[in-house]
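So the chains spell out like this:
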Amino acid sequence: MTLLVIVISLWTGHTVFGGFDETLPDALAAGRVQVKVTLQQNATESKAGERRHYSAVQVRSGASTSERQIDPGQALVLIDVRRTGGWRRGELTLTIPAGTTLTSGYDGYQRLATAYAVTVQLRKADEAETAWVPVYCLDQHRPAPTLNTGISLEHKNLDDSRNVPSELGRLASCLAEKGLPGVDRQQAVWLVAEGHLRRSREELRTYLHEKNLAILKRMDLDEMQSKVLALVRLAHPDASEDDQRSEARLYMQDRAWSLIERKAAERAERDLDRLLSLGRPALRTCGYDLSAVRLGDS
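Residues numbered from 1 in each chain as written. Predicted model: local features only at pLDDT ≥ 70, side-chain atom pairs only at ≥ 80, totals over all residues. Heavy atoms only, no water.

*Asks:* Sorry if this is basic, but what is going on with the overall build of the protein here?
*Replies:* Helix and strand counts for the protein stand at six helices and 15 strands. Out of the 298 residues belonging to the protein, those deemed buried represent 42%. Long-range pairs, those at least 24 residues apart, make up 71% of the contacts in the protein with a sequence separation of at least 6. When the accessible surface of the protein is split by element, carbon and sulfur atoms take 50% of a total near 16800 Å². (Helix = DSSP H or I, 4+ residues; strand = E, 2+ residues; numbered from the N terminus. Buried < 20%, exposed > 50% of the residue type's maximum accessible area, 1.4 Å probe, protein only. Contact = heavy atoms within 4.5 Å. Areas by Shrake-Rupley, 256 points an atom, 1.4 Å probe, with all protein chains shown as cover.)

*Asks:* For this particular structure, what's the right way to read helix α4 (residues 201-218)?
*Replies:* Spacing of three or four residues puts side chains on the same side of an α-helix, whose turn is 3.6 residues. Over its 18 residues, α4 extends 26 Å from the first C-alpha to the last, a length consistent with the 26 Å expected when each residue adds 1.5 Å. Within α4, burial applies to Leu204, Tyr207, Leu208, Asn212, Leu213 and Leu216. (Expected span 1.5 Å × (residues − 1).)

*Asks:* Mind showing me how you'd approach helix α2 (residues 167-178) here?
*Replies:* Taking 1.5 Å of rise per residue, the twelve residues of α2 would be expected to cover 16 Å, and the 17 Å separating its terminal C-alpha atoms lies within 8% of that figure. Those residues of α2 that sit buried are Leu168, Gly169, Leu171, Ala172, Cys174, Leu175 and Ala176. After α2 finishes, the residue Gly179 shows a positive phi value of roughly 70°.

*Asks:* When you look at the environment of Asp107 in this model, what are you seeing that I'm missing?
*Replies:* The topology assignment puts Asp107 in the loop between β11 (101-104) and β12 (112-114). Spatially, the C-alpha atom of Asp107 lies 9.3 Å from that of Arg142, the residues being 35 residues apart in sequence.

*Asks:* What should I look at first to understand the packing of aromatic side chains in this one?
*Replies:* Two aromatic rings are characterised by how far apart their centres lie and by the angle between their planes. With the rule as written, the count across this model stands at zero aromatic pairs. For Arg199, the ring lying beneath its charged end belongs to Tyr207, and the centroid distance is 4.0 Å. (Phe/Tyr/Trp six-rings, centres within 6.5 Å; stacked < 30°, edge-to-face > 60°. Lys NZ or Arg CZ within 6 Å of the ring centre and 35° of its normal.)

*Asks:* Would you explain the pairing of strand β13 (residues 118-122) in this entry?
*Replies:* With four of five residues buried, β13 lies mostly within the body of the structure. In the sheet, strand β10 (residues 92-96) pairs with β13 via five bridges, with the strands oriented antiparallel. Bridge pairing in β13 links Thr95 to Thr119. (Pairing = 2+ DSSP bridges.)

*Asks:* What exactly am I supposed to notice about the nonpolar core here?
*Replies:* The nonpolar side chains of soluble globular proteins are, as a tendency, buried together. One finds Val77, Ile79 and Leu283 to be the most contacted residues of the largest nonpolar core, which totals 53 residues. Each residue touching Ile79, except ones within four places of it in the same chain, is listed here: Leu24, Val35, Lys36, Val37, Ile96, Glu129, Thr130, Ala131, Val133 and Leu153. Among the nonpolar cores identified, the runner-up in size contains six residues, and Val228, Val232, Ala248 and Ala256 belong to it. (Core = buried A, V, L, I, M, F, W, Y, C linked by side-chain atoms within 4.5 Å.)

Below is the structure:
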């Protein structure tokens with residue numbers, strides 16, 4: 001029997017005429033590639049001495065690829081994929097599934113998740129390639145990673161089931177097709193990723209208040225004190241500088257924590273309104289029956 005085409009299946013990957021096609025998390029788990037992830041502020045890349053601006057990313061659906069525009073202000077990571085020793089021949093097409101989780105080495109920072117299924121394609125002569133990947137935040141009240149934060153792509157264990165997207169992956173894929181504003185999609189992701197669908201409205205309000213209160217208590221009170229001092233100067237312009245500062249300190253001692261409590265409550269209401277007014281309709285467009293969960297309409 002003459003073999004004109006050799007196809008070797010390996011879990012989700014396959015080779016065709018020397019090419020290999022699988023998901024990036026699986027290739028990483030199998031040791032075929034090394035991956036470096038960096039957070040980006042602007043969609044620009046320096047390659048072969050030329051700086052280019054990226055306004056779109058390459059996305060993959062089945063066997064076809066296309067380009068998707070990047071929303072203004074969309075958070076991006078740059079993923080650098082490099083072959084390891086035994087995989088330097090043949091084309092290598094890797095899919096980064098929607099909902100792939102990216103984590104920081106510091107637990108206090110937000111986790112991220114890829115917003116689309118993005119492809120990275122290494123031709124036969126390529127040692128490495130990069131891809132711009134739009135991402136969602138998964139932890140609403142944690143600080144965003146900085147440009148210097150080490151970020152890792154979470155790979156699947158090779159014993160995991162294949163071709164079964166996570167709930168987050170299914171949601172991200174659906175949201176990508178609906179043409180919704182980025183802020184709506186982000187609110188929907190938070191509702192799912194943070195487990196809010198298991199909470200009642202009052203439980204969610206309490207949760208958001210506690211998160212905002214913890215953030216404000218960790219903040220340096222210098223900013224608040226400077227604002228109080230500015231108000232004292234407006235109220236008592238003829239007082240000496242020492243008297244104005246003394247008045248500001250007394251006000252802070254008496255009112256600082258009540259101000260923080262009030263601010264936390266205001267932020268919690270803002271967060272609640274955005275989650276319900278923006279995120280909940282976005283979930284409905286993706287088939288979520290919210291009457292069946294605790295976070296109802298009343």
